[in-house]
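Listed below are the residues making up each chain.
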Amino acid sequence: MKNILLVFLGGGLGSITRFLIGKWIQVSKNSFPWSTLLANFIGCFLIGFLLGWILKKQTERSDLYLFAAIGFCGGLTTFSTFSMENLHFLRSGDLSTFIGYTLLSILGGLLFVGLGHSAVKVFL
């Protein structure tokens with residue numbers, strides 16, 4: 001029960017953070033989805049950092065892992081919104097934004113997970 005509560009609380013805080021990012025960086029319906037991209041990049045960096053730290057400490061199923069990696073990062077990042085936005089770009093015929101957003105999201109996500117993981121070596 002404790003594990004479920006940790007994931008629940010982390011997920012709620014991650015979702016609130018995602019909502020606040022969306023309010024901070026408001027985008028119109030037909031513009032580039034910067035708020036989704038930023039939320040996903042922040043989540044990628046954090047999960048890379050957290051998993052790097054957890055692997056260093058060898059405590060994979062710690063309370064921090066459940067709260068922060070699964071809960072917070074899971075609530076913060078959003079594959080469903082990314083997919084919906086891309087479907088909109090395809091339906092509107094905006095193939096260049098679709099391709100750019102997809103490549104930027106995937107490659108940037110990998111980069112930020114790697115940067116987060118590497119930051120563990122620098123800061124801890």
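Below, the structure is looked at part by part. Owing to the predicted nature of the structure, the values given are computational and were not obtained by experimental measurement.

**Here we look at a nonpolar patch on the surface**
- Side chains of Leu87, Leu90, Leu95, Ile99, Leu103, Ile106, Leu107 and Leu110 sit close together on the surface and give an oily, nonpolar patch of about 770 Å² of accessible area.
- Looking at the nonpolar patch, the elements with two or more residues in it are helix 4 (79–91) and helix 5 (95–123).
- No other element matches helix 5, which puts six residues into the nonpolar patch.
- The exposure class of Leu107 is exposed, given its relative accessible area of 55%.

**Structural notes on the packing of helix 4 against helix 5**
- Following both chains from N to C, one finds helix 4 and helix 5 inclined at 155 degrees, their axes separated by 8 Å at the closest point. Compared by their axis directions, helix 4 and helix 5 come out roughly antiparallel. The two elements helix 4 and helix 5 cross, and the hand of that crossing is left-handed. Contacts from Phe82, Glu85, Asn86, Phe89 and Leu90 in helix 4 reach Leu95, Thr97, Phe98, Tyr101, Thr102 and Ser105 in helix 5.
- Looking at side-chain class alone, the contact of helix 4 with helix 5 contains six nonpolar, four polar and one charged residues.

**Here we look at the layout of surface pockets**
- Its boundaries defined by the atoms lining it, the largest pocket holds a volume of some 310 Å³.
- Forming the boundary of the largest pocket are 16 residues, of which Val27, Lys29, Pro33, Met84 and Glu85 lie nearest the centre.
- Counting residues per element, the lining of the largest pocket draws most heavily on helix 4, at five residues.
- Of the residues contributing to the lining of the largest pocket, the split by class is five nonpolar, eight polar and three charged.
- The space that makes up the second largest pocket amounts to roughly 170 Å³.
- Along the walls of the second largest pocket sit Leu37, Asn40, Phe41, Cys44, Thr77, Thr78, Phe79, Phe82, Ser105, Ile106 and Gly109, which together make up its complete lining.
- The element best represented in the lining of the second largest pocket is helix 2 (residues 34–57), accounting for four residues.
- Each residue belonging to the lining of the second largest pocket can be placed in one class, and the counts come to six nonpolar, five polar and no charged.

**Some points on the nonpolar core**
- Grouped together as the largest cluster of nonpolar side chains are eight residues: Leu6, Leu50, Ile54, Tyr65, Leu66, Ala68, Ala69 and Cys73.
- If you list the elements that add at least two residues to this core, you get helix 2 and helix 3 (63–76).
- Take this core: its biggest share by element is five residues, from helix 3.
- Counting six residues, the second largest nonpolar core, distinct from the first, contains Phe32, Leu37, Phe41 and Phe82.

**Some details on the pattern of salt bridges**
- Evaluation of the coordinates by the stated rule reveals one salt bridge.
- Lys2 is the partner of Asp63 in a salt bridge, and the nearest nitrogen-oxygen pair spans 2.8 Å. Taken as a pair, Asp63 in helix 3 and Lys2 in helix 1 (residues 2–24) lie far apart in primary sequence, 61 residues in all.
- Residue classification places Asp63 among the partly exposed positions, given a relative accessible area of 35%.

Conventions used here
- Residues numbered from 1 in each chain as written.
- Predicted model: local features only at pLDDT ≥ 70, side-chain atom pairs only at ≥ 80, totals over all residues.
- Heavy atoms only, no water.
- Patch = residues over 30% accessible without salt bridge, like charges linked within 9 Å, V, L, I, M, F, W, Y side chains within 5 Å.
- Areas by Shrake-Rupley, 256 points an atom, 1.4 Å probe, with all protein chains shown as cover.
- Salt bridge = Lys/Arg side-chain N within 4 Å of Asp/Glu carboxyl O.
- Helix = DSSP H or I, 4+ residues; strand = E, 2+ residues; numbered from the N terminus.
- Buried < 20%, exposed > 50% of the residue type's maximum accessible area, 1.4 Å probe, protein only.
- Axes fitted to C-alpha atoms, helices over the stretch in contact; angles between N-to-C directions.
- Parallel < 35°, antiparallel > 145°, perpendicular 65-115°, else oblique.
- Left-handed = near helix turned anticlockwise from the far one by under 90°.
- Contact = heavy atoms within 4.5 Å.
- Nonpolar A, V, L, I, M, F, W, Y, C, P; charged D, E, K, R; others polar.
- 1 Å grid on protein atoms, 1.4 Å probe; cavity = no way out; pocket = protein on both sides within 12 Å on 5 of 7 lines; lining within 4 Å.
- Points joined across faces, edges and corners; volume = space filled by probe spheres on them.
- Core = buried A, V, L, I, M, F, W, Y, C linked by side-chain atoms within 4.5 Å.

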